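Observations on the three-dimensional arrangement
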Amino acid sequence: MLKQFFLLSSGADRNLLKDCSEGEQTKFIGIGATVFFTAVMAFIASSYALFTVFDNPYIAMGFGVIWSLLIFNLDRFIVSTIRKRDPFWKELLQATPRIILAVIIAIVISKPLEIKVFEKEINTVLLKEKNAMALSNKKELAQYFATDLDKNKTQTDSLKSEIIRKEKEVNALYLIYITEAEGTKGTMKLGKGPVFAEKIAKHDLANAELDTLRKNNLSKIALLEKKSETLQNDLNKKISQTQPIIEHFDGLMARINALNKLPWLPSLFIMLLFLAIETSPIIAKLLSPKGEYDFKQAEIETALQATLAQHKYQRDLLVKTSASMHDKVYADIADDTKLHDLQRRKATELLELQAHSFVDKQKKTL
């Protein structure tokens, strides 16, 4: 069962191989197995690659089956269409387009598996890129809101400075009237005289102005702080909205770019491995000498070519002979006097009928 399946995978004519030796059959079983396992690797690679796109294993596996069947059919076609020819350069020229196609298929298959093999290293690169993107995003959003936040902070600081300056003024007036009462400064007289009353009045007026200023400025500061809080909340909301986009920055293209930032030598070895697997059936057929199967296949093809050439020659000869015979027959008919007299009589009758018909039409017109 498995043997027949691998022979089917090789694209060889099983009726011809049935009468060939075991060694010849083994060669094509190996070619078919290589084609089959290449399709299996294509299924694994495409399923993983599409899983990074759709995040759904069933969809990824469905497309993976289709892709693996396509690769299986292409490889089977490539191997089955190579014919062994006597001059090696003709055989190589015939196989060159197929080798190029096999190289393309190998690269396509190997890339997703490279991503899987170096997944941990790629995740490290992606983590650094995500952190850099998150910091850059926060910086850009902060710059976007910075003007309004700085303006609010400047206004708030200005209002607070006004209160502080007024408080210093009130404290200075307080010291002035206290020292006047103690007699340590001012008039240098102990007690509460007229100068003391004047100075305490100035203090009380300034203190009342301070209370009014504090009330008004604190009200404005509260509004500005509320506005600043709203702006900060908007900034945090924008950051939280954009963060999931950055967190999901791990799609197929991002992983390929991250893979390209890793050392290229290990990735090259994996690609060369798949290249060797993909091109091995073609190389095996190119390097192997003509076998029993190739001779039988060439015999059938040459026999068919000879039969087709013979049939074409016979058809061409039949056409030439038939044309020659018809030329002779019609030449003999042209020399037949009886047929000539009959044709003349019939033509005379036809002309007479046409003349009578013309006369009848003219009479009706008159």
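Below or above, wherever it landed, is the structure these notes cover. Along each chain, residues carry numbers from 1 onward, in the same order as the chain's sequence is written. Given that this is a predicted model, residues contribute local features only at a pLDDT of at least 70 and side-chain atom pairs are listed and counted only at 80 or more, while totals for whole chains, interfaces and linings are drawn from all residues. With hydrogens and water excluded, all non-hydrogen atoms of the structure serve as input to the side-chain values.

Structural notes on the side chain of Glu114
Secondary-structure assignment places Glu114 in helix α5 (residues 88-117). To sort residues, take the accessible area from a 1.4 Å probe on protein chains only and compare it with the maximum for the residue type: under 20% means buried, over 50% means exposed, and anything in between is partly exposed. A relative accessible area of 1% means that Glu114 is categorised as buried. Contact partners of Glu114, with chain neighbours within four places excluded, come to Leu259, Ser267, Ile270 and Met271. Each helix corresponds to a stretch of at least 4 residues labelled H or I by DSSP, and each strand to a stretch of at least 2 residues labelled E; elements are numbered beginning at the N terminus. Contacts between residues were defined by any pair of non-hydrogen atoms, one from each residue, lying within 4.5 Å.

Things to note about the packing of aromatic side chains
Aromatic pairs are defined between Phe, Tyr and Trp rings, using the six-membered ring for Trp, whenever the two ring centres lie within 6.5 Å; interplanar angles under 30 degrees are classed as stacked, those over 60 as edge-to-face, and all others as tilted. Following the criterion strictly, the structure yields 5 aromatic pairs and no others. Ring plane angle 50° and centroid distance 5.9 Å describe the contact between Phe5 and Phe6, whose orientation is recorded as tilted. Arranged with centres 5.2 Å apart and planes meeting at 85°, the rings of Phe5 and Phe36 form a pair that is edge-to-face. With a gap of 31 residues between them, Phe5 in helix α1 (residues 2-10) and Phe36 in helix α3 (residues 22-54) connect regions that are remote in the sequence. Residue classification places Phe5 among the partly exposed positions, given a relative accessible area of 31%.

Description of the layout of surface pockets
Roughly 160 Å³ of internal volume is contained in the second largest pocket. As for the second largest pocket, its lining consists of Ala45, Ser46, Ala49, Trp67, Val108, Ile109, Lys111, Pro112, Ile115, Leu252 and Ile256. Those elements giving two or more residues to the lining of the second largest pocket turn out to be α3, α5 and α8 (252-260). Top element by residues in the lining of the second largest pocket is α5. It accounts for 5 residues. When residues are sorted by character, Ala, Val, Leu, Ile, Met, Phe, Trp, Tyr, Cys and Pro go into the nonpolar class, Asp, Glu, Lys and Arg into the charged class, and all the rest, Gly among them, into the polar class. Per-class residue counts for the lining of the second largest pocket are 9 nonpolar, 1 polar and 1 charged. Of the grid points, spaced at 1 Å and generated over the protein atoms alone, those admitting a 1.4 Å probe that cannot get out make up cavities, while open sets with protein on both sides within 12 Å along at least five of seven lines make up pockets; any residue with an atom within 4 Å of a point is treated as lining. Grid points are joined across faces, edges and corners, and a volume is the space filled by probe spheres set on the points.

In short, geometric facts, not functional conclusions.
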